[in-house]
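The primary structure of each chain is shown beneath.
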Amino acid sequence: VFAGVRQAQWLTKTKLVEGLPPSVQSILENPAHGLQEHEERVKDAISHARFWDTTEVAPKREHFCPVLCEDLIHLCRLMSRKYPALSKRMLARNYRIAATWERESILLQVRGLNGMLMNSMAPIPPVASKEEILATKEDVLETFHPILPTIDLQEVNVYKELNDTGIACRFRDGYPYSHPHTLFFLESANIRPDRFRPEQLRAKMLMFAFGNALAKAKALYGNDPKVLEQPIVVQSIGTDGQLFQFMVFQLNTTDLVSSDGIKNLVWIDSDQKLYEAAQCFPKIKKRVVVKPAGIHGFQPDTFKKFLALYLHGTV
């Protein structure tokens, strides 16, 4: 997506709010959740991914990025001892998503095999109030004139308009974990030019969060464009194994043809480092150790945000 999040906003009729929403912020700020208790375990997870789980001198990103993400998800799962409702989750790997919509007479579709999706028995409650949703009517979406907002999108012939979260394909009817909760995106290519830049990754996160929410909305309420009485919330977490992107998306409307009226909403917390560096060997200058081996610049607040999104909708 050439303009990153700005273009994704136009394609999905979405207003951007910087930072995390109040419902996630309140989890972060509540000492009762004990988010700070995990700091040593998080350091161990980083060390496991960067130093221990390898026979190589320095593991490649394609190895340490998924190992770290899996370890952090495992740490989050441990909270189910304190909050049993967290056990009502299921992590789907290699799932497919397809969602189709019309935007100013252009037929658009997001589809493909993508990352991991955590499903839940219960949906995340709406993040924005009805007043905040109504206020989005006043928001004006940015246009890209004279550039088409669909520039660089792949043009294909669509023979069937699909709207599917992948759940129906993978699981029988009545599957209990039917609500998309959080998407996990790993940008783990070893060579930097092969990786999405953070802005591109955030755009991808927005498109797929929107796609999952739209497919769920159509499954629940049908294909007729409408403002939803019960908005659908889907979260995204993206990482390259060091830098994290956090996103909460709320689908307020499936009436996407016109730029007028109620918009969807997305909250984004960008470029949060979990640590500054992982030094496999001590850095030595003139026979003096200037940087010892190990993890440097650990940022515990980044994992607290990861955990807060995991807890969101349950605590």
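Residues numbered from 1 in each chain as written. Predicted model: local features only at pLDDT ≥ 70, side-chain atom pairs only at ≥ 80, totals over all residues. Heavy atoms only, no water.

Attention shifts here to helix H7 (residues 198–221). The end-to-end C-alpha separation of H7 is 34 Å, in line with the 34 Å expected for 24 residues at 1.5 Å each. Taken across its 24 residues, H7 has 17 buried, putting it largely inside the fold. One or two steps after H7, the chain reaches Gly 222, where phi turns positive at roughly 90°. (Helix = DSSP H or I, 4+ residues; strand = E, 2+ residues; numbered from the N terminus. Expected span 1.5 Å × (residues − 1). Buried < 20%, exposed > 50% of the residue type's maximum accessible area, 1.4 Å probe, protein only.)

Tallied over the full model, the rule gives ten salt bridges. In this structure, Arg 61 engages Asp 240 in a salt bridge whose closest nitrogen and oxygen atoms are separated by 3.7 Å. Taken together, the residues Arg 61 in helix H4 (residues 61–77) and Asp 240 in the loop between strand E7 (227–239) and strand E8 (243–253) connect sequence positions 179 residues apart. Among the salt bridges present, the one from Lys 273 reaches Glu 276, with a minimum N-O distance of 3.4 Å. Residue classification places Lys 273 among the partly exposed positions, given a relative accessible area of 33%. The partly exposed category is assigned to Glu 276, whose relative accessible area is 42%. Look at the salt bridges and you will find they share partners, linking Glu 39, Asp 301 and Lys 304 into a network. (Salt bridge = Lys/Arg side-chain N within 4 Å of Asp/Glu carboxyl O.)

Everything listed here is a matter of geometry and, on its own, says nothing about what the molecule does.
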